[in-house]
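# Examination of the molecular architecture
Residue-level listing of the chains:
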Amino acid sequence: MTIDLPRPLGDYFAAKNRHDIDAMLAPFAADATVRDEGHTYSGHAAIRGWMEETTRKYRVTVEPTGASSDGQNWRVSALVAGDFPGSPAALRYRFSLADERIARLEIGA
């Protein structure tokens, strides 16, 4: 199934599936925040560290299975597979966009 996503989200997921940290970070605003596994990461340096750690640790691939939007806020459901107990798992990604960049990302079940 192909999901029609705005370019920053499509670019993020494509890079995530390639495990390309530079390309994963590129769609994020300089002052973006990410919330994952109970932690919040703010700014490119912290987000890069989170990306490097989780990519090394889990080696996930993400297949978006659905998406909805109310303007600049997007909810993407996805099947995530990788090196973690319970793989694959259904996760939800909540994105906020600003100026065609990802300003906020929250990942949860």
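Everything in this summary refers to the structure shown in the same document. (Residues numbered from 1 in each chain as written. Predicted model: local features only at pLDDT ≥ 70, side-chain atom pairs only at ≥ 80, totals over all residues. Heavy atoms only, no water.)

### Section: the layout of surface pockets
Empty pockets left among the atoms are what a rolling probe the size of a water molecule brings to light. Spelled out, the test is: In this analysis the probe radius is 1.4 Å and the grid spacing 1 Å, with only protein atoms considered; a cavity is a set of points the probe fits into but cannot get out of, a pocket is an open set with protein on both sides within 12 Å along at least five of seven lines, and lining residues have an atom within 4 Å of a point. Grid points are joined across faces, edges and corners, and a volume is the space filled by probe spheres set on the points. A run of DSSP states H or I qualifies as a helix once it reaches four residues; a run of E qualifies as a strand once it reaches two. Both are numbered from the N-terminal end. Side-chain classes follow a simple rule in which Ala, Val, Leu, Ile, Met, Phe, Trp, Tyr, Cys and Pro form the nonpolar group, Asp, Glu, Lys and Arg form the charged group, and the remainder, Gly included, forms the polar group.
In this model, the largest pocket occupies a volume close to 280 Å³. If you trace the largest pocket, you find 15 residues lining it, with Asp36, Glu37, Tyr58, Val60 and Leu91 closest to the centre. Of all the secondary-structure elements, those providing two or more residues to the lining of the largest pocket are helix H3 (43-58), strand S5 (89-98) and strand S6 (101-108). It is H3 that provides the largest number of residues to the lining of the largest pocket, a total of four residues. Its residues placed into classes, the lining of the largest pocket shows nine nonpolar, three polar and three charged.

### Let's talk about the nonpolar core
Quick reminder of the rule: Nine residue types can take part in a nonpolar core, namely buried Ala, Val, Leu, Ile, Met, Phe, Trp, Tyr and Cys, and a core is a set of them joined through side-chain atoms within 4.5 Å. Exposure classes here rest on a 1.4 Å probe applied to the protein chains alone. A residue is buried below 20% of its type maximum, exposed above 50%, and partly exposed in between. In this description, contact between two residues means that some pair of their heavy atoms is separated by no more than 4.5 Å.
Tyr12, Phe28, Tyr93, Phe95 and Leu105 are the most contacted members of the largest nonpolar core, which has 31 residues in total. Elements with a contribution of two residues or more to this core: helix H1 (7-18), helix H2 (21-25), strand S1 (28-36), H3, strand S4 (73-81), S5 and S6. Each residue touching Phe28, except ones within four places of it in the same chain, is listed here: Tyr12, Val34, His44, Ile47, Met51, Arg101, Ile102 and Leu105.

### A look at the sheet that holds strand S3 (residues 61-69)
Applied cut-off: By definition, two strands form a pair when at least two bridges between them are found by DSSP. Axes, fitted as lines to C-alpha atoms, cover a helix only where it is in contact. Angles between the N-to-C directions of the axes lie from 0 to 180 degrees.
The strand order S2-S1-S6-S5-S4-S3 describes an open sheet built from six strands, whose pairing is mixed. Because the sheet does not close on itself, it has two edges, and the strands there are strand S2 (39-42) and S3. For this sheet, the mean angle separating the axes of adjacent strands, direction not counted, is 20°. Bridge count for S3 against S4 is eight bridges, and the pairing is antiparallel.

### Description of H1
Every α-helix winds through 3.6 residues per turn, so residues three or four apart in the chain are directed the same way. Put simply, the rule is: Helix span is expected to be 1.5 Å times the residue number reduced by one. Note that the arc is defined by the directions from the helix axis to the C-beta atoms.
Compared with an ideal rise of 1.5 Å per residue, which puts 12 residues at 16 Å, H1 spans 16 Å between its outermost C-alpha atoms and is within 8% of the ideal. Among the residues of H1, those classed as buried are Pro8, Leu9, Tyr12, Phe13, Ala15 and Lys16. Across the axial projection of H1, the buried residues extend over an arc of 165°, all falling on one side. Across from the buried face of H1, at angles greater than 90 degrees, the exposed residues are Arg7 and Arg18. Remark: His19 follows H1 within two positions and exhibits a positive phi of approximately 60°.

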